[in-house]
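Close look at the chain arrangement
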Amino acid sequence: MTPLLELRGLTRSYGSLTAVDSVDLALAPGERHALIGPNGAGKSTLFATVAGTLRASGGSVLLSGQDVTSLPEGERARRGMVRTYQHSSLFLDCSVLDNVALAVQRVHRVAHRCDRAARRFRHIDTEARRHLDSVGLLGRAQDMAAALSHGERRQLEVAMVLATEPALVMFDEPTAGMSAAETERFVALMERLPERLTVLIVEHDLDVVFRLAERVTVLHLGKVLASGPPEAIRADEAVQRAYLGSARTEDLFAEAGGER
Ligand SMILES: Nc1ncnc2c1ncn2[C@@H]1O[C@H](COP(=O)(O)OP(=O)(O)OP(=O)(O)O)[C@@H](O)[C@H]1O
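In this text the structure is predicted, and so the values were computed from the model without any measurement.

The helix and strand tally for the chain stands at 10 helices and 10 strands. For the chain, buried positions account for 50% of its 260 residues. Partitioning the intrachain contacts of the chain with sequence separation of at least 6 by distance along the chain shows that 64% fall at a separation of at least 24. Total accessible area computed for the chain in this model is approximately 12,200 Å², and 50% of it derives from carbon and sulfur atoms.

Here is the structure:
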């Protein structure tokens, strides 16, 4: 089967520093894949290079077998590869519903403005409400986005991503800054995402990673140190050594062998 996402020798340098070094990776359609690694391992750089936010210095990125390496981020998004940002990308002075309507409009290629005209087409309104419902925010549809809590804003961003009808969604540390309750709600939302969606997630909270991911890739010094199912990653001695001395070592092994 053709991988939904494939990286072949993907490399990104900053001057003489090779932050991402010849990374090979393949995600099957519908796979939930997490990218982890100690601080400075190259996760953010790899993520941005895959999304097209950063240019690759070498190697290639293939989406459903098509080489997208030379395409800018917007064109990759139009082809179904959508990323989230650590900082919010919402229109805070628009309603919650209008934020999603704008995302739906982009898919239907209708000119977008944050006012009532954004929803003058019934199908856009219906679609936007459906996506809001799927993330549990339909009850907040008429509120301003600015009135949402941090966790709710992240839920709204998921609705906006879903509205673009992506094949691959790349989440950049989605639970950063969330309370425990918000994280719990967010993980439940991620677990309810449509099965056909392929997900790549960079996440520092290893508890979240081990709950959501079917496969985990560990980066260390820009290279793939290990890639496999969560249980194998936890048991991997090279991974344990890479995390040694990091505050996250405990997270990595806290649940080893335990049930979730
Ligand atoms: N814009 C930049 N210019 C120069 N070096 C950079 C730049 N961005 C990152 N680096 C370096 O590249 C390496 C990888 O950094 P990157 O941020 O990708 O790692 P990371 O795994 O995401 O780290 P963290 O978990 O701390 O966010 C590090 O050595 C970092 O100092």
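Past the structure itself, the notes keep going.
Another aspect to go through is the site of the ligand. In the vicinity of the ligand, the contacting residues are Y14, L17, A19, P38, N39, G40, A41, G42, K43, S44, T45 and H204. Between G40 and the ligand, the recorded distance is 2.8 Å, taken from a backbone N or O atom to an oxygen atom. One of the backbone N or O atoms of A41 is found 3.0 Å from an oxygen atom in the ligand. Bound to the protein, the ligand loses 58% of the 640 Å² it would expose on its own. Counting only elements with at least two residues in the shell around the ligand, the list comes to β2 (17-27) and α1 (43-51). With three residues, α1 is the single largest residue contributor to the shell around the ligand. For the shell around the ligand, the class distribution of residues is five nonpolar, six polar and one charged.

Each value, and the rule that gives it
- Residues numbered from 1 in each chain as written.
- Predicted model: local features only at pLDDT ≥ 70, side-chain atom pairs only at ≥ 80, totals over all residues.
- Heavy atoms only, no water.
- Helix = DSSP H or I, 4+ residues; strand = E, 2+ residues; numbered from the N terminus.
- Buried < 20%, exposed > 50% of the residue type's maximum accessible area, 1.4 Å probe, protein only.
- Contact = heavy atoms within 4.5 Å.
- Areas by Shrake-Rupley, 256 points an atom, 1.4 Å probe, with all protein chains shown as cover.
- Near = heavy atom within 4 Å.
- Polar contact = N/O pair within 3.5 Å; in protein donor to acceptor, adjacent residues only side chain to side chain.
- Nonpolar A, V, L, I, M, F, W, Y, C, P; charged D, E, K, R; others polar.

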